[in-house]
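Listed here are the chains, written in short residue letters.
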There are 2 protein chains.
Amino acid sequence: MSDLRKLEKILGYSFKNEQILKEALTHKSSKQPYNNERLEFLGDAVMDLIVGEYLFKNFSKTNEGDMSKLRAALVNEKSFATMANALNLGDFIYISQSEQNNGGREKPSILSDAFEAIMGAIYLEAGLFKAQEIALNLLQKCYPKIDYLSLVKDYKTELQELTQARLGVTPVYELVRSFGPDHKKEFEMALFINEREISRGMAGSKKEAQQIAARIAIEKIKG
Amino acid sequence: MSDLRKLEKILGYSFKNEQILKEALTHKSSKQPYNNERLEFLGDAVMDLIVGEYLFKNFSKTNEGDMSKLRAALVNEKSFATMANALNLGDFIYISQSEQNNGGREKPSILSDAFEAIMGAIYLEAGLFKAQEIALNLLQKCYPKIDYLSLVKDYKTELQELTQARLGVTPVYELVRSFGPDHKKEFEMALFINEREISRGMAGSKKEAQQIAARIAIEKIKG
């Protein structure tokens, strides 16, 4: 099996036009008349939309600012290099000998660019749905737990640092109520600073509800 | 005809779900339980891909850096506000009375956000092809001449400023050759500074070939 066939097997997609796959794998150091920079440009926008839509549909109660933070945590060189590694892309890219000696097959920037270019190439040849299927499978493989707490900022910690620095106290959280059926329970948490209620948060877990309350409190304190 | 129907007529698209159109038109000042910020988040990525793909397919010889500049010139608050105005969006958005008194219906940021949200809503309901059709029609209406020279930087001017400041001279361009059939002629231009050839550019017009040569010369001079 040729190298390109092996990669197609890992990807779960066979290119009709082999040249476009070659182009997507070609780093500019390899001095071909083509390289993957233009496909990378396209693939970057493809990934932005795929991840953006995924978040839009799966985080239906999350505001735009938090969705942007989540997307920034998933759409970046580091995460694309992680997905490139899940495809073993480093073994398949075309780079110059000197770039290879320089550790090029492991460089996050080179891997990330090749990953974006591959997604651009799939989009061009097979359309958005195919690109979505492949990208979301990879995303879920590399980031099985996509949630706000594991990816982005921890508002509780931020608030605690803020109140200790400014007021010398720690916020206290209390469960106000929970409701709904067991498999879809919602929790409302209240947040107190110096025994005064500052904010409330409601979510599907106590932890998340606390985070929401903490975020609102930070906004109030920072004005 | 209701306001929403009027807008749909201008858009050339009728929403099946009227609520999503209302949400796309709702500025956060209007204090509804919903607003257009989430749809704007999605629509921003939709427009990025639509314009990126358009450039990728129509500027097949343009490198990634120049495509990025072109996209930045087309995908921004000002250009989206221009497209929003082509739809008379200002007449249809929902904003608070105080925002309205404040000139909100003419604010580029509010118009641009509503335009992105509308594109996000069309994408969600009707898919990428429909969103593409509408966005590209609008783009061509608002920017009938999408080319590098009219939208982005003029490398010839930049180079001239650079050489005059540093060397006190002006670059000279000479046609090296032209070739190809009349309807698809290519021109190669050479660029001289102090009678020394610095760079060459090849393109479908002399002007473009000069721009390419100037860009390469700038890169060389700036190192």
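All values reported here derive from a predicted model rather than from experimental measurement.

Caption draft 1: A look at the UniProt feature "active site" (unreviewed entry) in chain A. Those residues carrying the UniProt feature "active site" (unreviewed entry) are A:Asp44 and A:Glu116 in this numbering. Separation in sequence by 73 residues is not matched in space for these annotated residues, since their most distant C-alpha atoms are only 5.6 Å apart. For A:Asp44, the location among the structural elements is in helix H3 (residues 37-58). Every residue in contact with A:Asp44, bar those within four places of it in the chain, is listed here: A:Glu116 and B:Arg71. Within the secondary structure, A:Glu116 sits in helix H7 (residues 108-126).

Caption draft 2: Fine view of the relation of the copies chain A and chain B. Take chain A, turn it by 179°, move it 0.1 Å along the axis, and it overlays chain B with an RMSD of 0.3 Å. The superposition of one copy onto the other is thereby described by a two-fold rotation axis. Here 100% of the interface residues in chain A have copies in chain B that are interface residues too; the copies meet face to matching face.

Caption draft 3: Spatial organisation of the side chain of B:Arg71. With respect to the helices, strands and loops of the structure, B:Arg71 is situated in helix H4 (residues 64-74). Although buried, B:Arg71 forms no salt bridge, and the nearest oppositely charged side chain, B:Asp48, lies 4.0 Å from it. Contacts of B:Arg71, omitting those with residues within four sequence positions, involve A:Phe41, A:Asp44, A:Ala45, B:Asp48, B:Val51, B:Gly52 and B:Leu55.

Caption draft 4: Fine view of the pairing of strand E1 (residues 172-179) of chain B. Residue and element names in this part refer to chain B. Summarising the sheet, E1 and strand E2 (residues 186-193) pair through seven bridges and their orientation is antiparallel. Its bridge partner lying in E2, Glu174 is registered against Ala190. Taken together, E1 and the strand that follows it, E2, pair antiparallel across an intervening segment of six residues, in which Gly180 is found at a positive phi of about 90°.

Caption draft 5: Just the interface of chain A and chain B, in detail. Each side of the interface is counted separately: chain A has 27 residues, and chain B has 27 residues. When the two sides are added together, the surface that chain A and chain B hide from each other amounts to roughly 2400 Å², 68% of it contributed by carbon and sulfur. Among the residues chain A hides against chain B, the three largest losses belong to A:Arg38, A:Phe41 and A:Phe56. Together they make up 36% of the total. Connecting chain A to chain B are zero salt bridges.

Caption draft 6: Fine view of the domain arrangement of chain A. Residues and elements named next belong to chain A. Partitioning chain A into domains gives domain 1 (3-151) and domain 2 (155-222). The centre of domain 1, based on its C-alpha atoms, is set 37 Å off from the matching centre of domain 2. Across the contact, six residues belong to domain 1 and five residues belong to domain 2. Of the roughly 400 Å² buried between domain 1 and domain 2 on both sides combined, carbon and sulfur atoms contribute 50%. Along the contact surface separating domain 1 from domain 2 lie two salt bridges. Taking the shortest distance from any N to any O, the salt bridge between Arg215 and Asp66 comes out at 3.3 Å. The interface formed by domain 1 and domain 2 contains three residue pairs in polar contact (both at pLDDT 80 or more). Breaking the side of domain 1 that touches domain 2 down by element, the ones donating at least two residues are helix H4 (64-74) and helix H9 (148-151).

Caption draft 7: Expanded view of the nonpolar core. In this structure, A:Leu89, A:Phe115, B:Leu89 and B:Phe115 are the most contacted members of the largest nonpolar core, which totals 108 residues. Apart from the residues lying within four places of it in its own chain, the contact partners of A:Phe115 are A:Met47, A:Phe80, A:Met83, A:Ala84, A:Leu87, A:Leu89 and A:Leu138.

Caption draft 8: Structural view of the sheet that holds strand E3 (residues 196-203) of chain A. Residue and element names in this part refer to chain A. The strand order E1-E2-E3 describes an open sheet built from three strands, whose pairing is antiparallel. Across the chains shown, the open sheet's two edge strands, defined by having one partner strand only, are strand E1 (172-179) and E3. Strand-to-strand twist of the sheet, defined as the mean angle between neighbouring strand axes without regard to direction, takes the value 20°. The strands that helix H11 (residues 206-222) touches are E1, strand E2 (186-193) and E3; relative to E3, the one it contacts most, it runs at about 135°.

Caption draft 9: Geometry of the pattern of salt bridges. The tally for this structure, following the rule as stated, stands at 30 salt bridges over all chains. Notably, a salt bridge pairs B:Arg5 with B:Glu18, separated by 3.1 Å at the nearest N-O pair. Here the residue B:Arg5 occupies a position in helix H1 (residues 3-11), and B:Glu18 occupies one in helix H2 (residues 18-25), the gap between them amounting to 13 residues. Classification of B:Arg5 as partly exposed rests on a relative accessible area of 33%. Residue B:Glu18 is classed as partly exposed on the basis of its relative accessible area of 33%. Measuring nitrogen to oxygen at the nearest pair gives 3.9 Å for the salt bridge that ties B:Glu18 to B:Lys22. Of the two residues, B:Glu18 and B:Lys22 both sit in helix H2, four residues apart, roughly one turn of that helix. In this structure, a network of salt bridges that share partners links the residues A:Arg5, A:Glu8, A:Glu18 and A:Lys22.

Caption draft 10: Structural detail: the packing of helix H3 (residues 37-58) of chain B against H4(B). All names here are of chain B. Between H3 and H4, the shortest axis-to-axis distance is 10 Å and the interhelical angle comes to 135°. Judged by the inter-axis angle, H3 sits oblique to H4. The handedness of the crossing between H3 and H4 comes out as right-handed. Contacts between H3 and H4 pair Asp48, Val51, Gly52, Leu55 and Phe56 from the former with Met67, Leu70, Arg71 and Leu74 from the latter. Looking at the contact of H3 with H4 residue by residue, the class counts come to six nonpolar, one polar and two charged.

What counts, and where the lines are drawn
- Residues numbered from 1 in each chain as written.
- Chains lettered and ligands numbered in written order.
- Predicted model: local features only at pLDDT ≥ 70, side-chain atom pairs only at ≥ 80, totals over all residues.
- Heavy atoms only, no water.
- UniProt positions renumbered as here; feature names shortened; annotations may be inferred.
- Helix = DSSP H or I, 4+ residues; strand = E, 2+ residues; numbered from the N terminus.
- Contact = heavy atoms within 4.5 Å.
- Least-squares fit on C-alpha atoms with pLDDT ≥ 70 in both.
- Buried < 20%, exposed > 50% of the residue type's maximum accessible area, 1.4 Å probe, protein only.
- Lys, Arg positive; Asp, Glu negative; His and termini not counted.
- Salt bridge = Lys/Arg side-chain N within 4 Å of Asp/Glu carboxyl O.
- Pairing = 2+ DSSP bridges.
- Buried area = accessible area lost by both parts, 1.4 Å probe.
- Domains from an automatic or database assignment.
- Polar contact = N/O pair within 3.5 Å; in protein donor to acceptor, adjacent residues only side chain to side chain.
- Core = buried A, V, L, I, M, F, W, Y, C linked by side-chain atoms within 4.5 Å.
- Axes fitted to C-alpha atoms, helices over the stretch in contact; angles between N-to-C directions.
- Parallel < 35°, antiparallel > 145°, perpendicular 65-115°, else oblique.
- Left-handed = near helix turned anticlockwise from the far one by under 90°.
- Nonpolar A, V, L, I, M, F, W, Y, C, P; charged D, E, K, R; others polar.

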